[in-house]
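Chain by chain, the residues run as shown.
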Amino acid sequence: MTPGEELPSLTVPITRTLVIAGAIASRDYQDVHHDAEAARAKGTPDIFMNILTTNGLVGRYVTDYVTGHSGLKAVLRKVSIRLGVPSYPGDVLVLTGRILSVNERTIEISVVGTNGLGRHVTGRVVVDAHPLRSRTAP
Amino acid sequence: MRPASDVHHPLDAHHSPDAHHLPDVHHLLKAFEGRPAAVSASAPDPVNLPMIRHWCEAMGDTNPAYAGDDAIAPPAMLQAWTMPGLSGASSARTPAYDELFALLDGAGYTAVVATDCEQEYVRPLRPGDRLTFDTVIETVSPRKATRLGAGYFITTTMRVRAAGELAGTHRFRILKYAPAPVQPPAPVQPPAPVQPPAPVQPAAPVQSAAPARPARPRPVINRDNAPFWEGVAAHKLLIQRCTACGTLRFPWLPGCGRCGSPGWGTVEACGSGTVHSYVVVHHPPFPAFDPPYAVALVELAEGVRMISNITGVPYDGVRIGMSVDLEFIRVDGEWELPVFRAQSGGPEGAGA
């Protein structure tokens, strides 16, 4: 892992199930995330993914990469995201990333998530990579 | 199907037609900066494996760190632990936060969308951890026009503690906005006859504004033109006259376009004029106006020209050369505007 290195992309189909399951798992009952009719009344054509789900997907993308790439345990330190276009059911979110810096165990990665409408999310993630601890160790 | 033409991008500044008729309440919102949104609030549930598992299932996150005996919670769940859930009225929120939202809802900014989330995880959360949090309303932005509608960005910062020890910070920004109308074509109604029942004013001129009509844009009044608008308020149409060379000028300007002198006096227009030119506006629609309507360049008897509306004839009855007389209309029950009434005798008749 070196600065400038690109992460392999992650493609996430945005199903209606994902949007709703993500909202409920994050205890976000805003109707725009599960009720299409209510969403339309608020000026948006359909339900859309909530920010907590986007946050969760960005976190998953980075930790999966660090662990898969290095075999180390990845612990998130910071996740900062900004939302752009919404993610509606039927779209596909493609996450890409680039390593910004590596400082001993701390890696900073920029993440961009693009869907059919454009840039859904831009963000920065700081993650620590630790040697895997054996679960049976004393 | 995704309507690609209907992209909502909260961060994309964009002209929003509804911004004009909603009150700008920023001065009221500003007072909420620094006030707490939650004080020593308790998360509804302790950190627990079932909620962690549901989260991981939804996110498709198979990270082994989040399962098993030694599981930690996915750090990105930080906010999820603090969410009030379906019971809604959480005891966590302060009156200040409720007031802020009530103020925005009351002013028409009823919808909400999250735009930014910055989280820092100080220590891992484990099943059994009982969380408390404090939240502060950090900033409220001036009103912004966005593709979703006009609204305010509200930034809050939450500090989450586990057993009294700081476990993470969560900075969150939402846009609280007035939803723009959904139907892409037009927020403007067709002209009156099409409206079915209509408790209408039969032949009333355009100005007897339908109650639901958004307010007309107000004049921008500044040092250079304030006396003009004072004149209008007193039903006088004042033309500037250069005190050095005597040239009349309109609209009002700080200096004479002929000799450059800043000195000026006024001449009251007698009120007679002719239509020098005009256009009929069909598009784009603006909330305060019902297209089509005519916009005329009226040449006053004194020789200067001004842009105004023509009353007393339909939009397609306005003609170049038509004689018109000054009158004042009251706009939105609040302020006066000089317009010109077509002289009776027909559009073609009294060509000056």
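For the structure, see preceding data.
Reading the values: rules and limits
- Residues numbered from 1 in each chain as written.
- Chains lettered and ligands numbered in written order.
- Predicted model: local features only at pLDDT ≥ 70, side-chain atom pairs only at ≥ 80, totals over all residues.
- Heavy atoms only, no water.
- Helix = DSSP H or I, 4+ residues; strand = E, 2+ residues; numbered from the N terminus.
- Buried < 20%, exposed > 50% of the residue type's maximum accessible area, 1.4 Å probe, protein only.
- Contact = heavy atoms within 4.5 Å.
- Areas by Shrake-Rupley, 256 points an atom, 1.4 Å probe, with all protein chains shown as cover.
- Buried area = accessible area lost by both parts, 1.4 Å probe.
- Salt bridge = Lys/Arg side-chain N within 4 Å of Asp/Glu carboxyl O.
- Nonpolar A, V, L, I, M, F, W, Y, C, P; charged D, E, K, R; others polar.
- Pairing = 2+ DSSP bridges.

**Re the overall build of chain B**
Part 1 of the reasoning: A count of helices and strands for chain B gives 5 helices and 15 strands.
Part 2 of the reasoning: By residue count, 41% of the 352 residues in chain B fall in the buried class.
Part 3 of the reasoning: Here the contacts in chain B between residues at least 6 apart in sequence split such that 66% fall between residues at least 24 apart.
Part 4 of the reasoning: Of the accessible surface of chain B, which amounts to about 17800 Å², a share of 57% is contributed by carbon and sulfur atoms.

**Remarks on the interface of chain A and chain B**
Part 1 of the reasoning: Taken together, the contact between chain A and chain B spans 42 residues of the former and 51 residues of the latter.
Part 2 of the reasoning: Of the roughly 3900 Å² buried where chain A meets chain B, counting both sides, 58% is carbon and sulfur surface.
Part 3 of the reasoning: Joining chain A to chain B, the criterion identifies 1 salt bridge.
Part 4 of the reasoning: The partner of Asp116 of chain B in a salt bridge is Arg82 of chain A, with the nearest N and O atoms 2.6 Å apart.
Part 5 of the reasoning: Of all the secondary-structure elements, those providing two or more residues to the side of chain A that touches chain B are helix 1 (16-25), helix 3 (51-70) and strand 2 (73-83) of chain A.
Part 6 of the reasoning: Looking at the side of chain A that touches chain B residue by residue, the class counts come to 18 nonpolar, 12 polar and 12 charged.
Part 7 of the reasoning: Alignment of strand 2 of chain A against strand 2 (residues 111-121) of chain B, held across 5 bridges, turns out to be antiparallel. Opposite Arg82 of chain A, over in strand 2 of chain B, you have Asp116 of chain B as the bridge partner.

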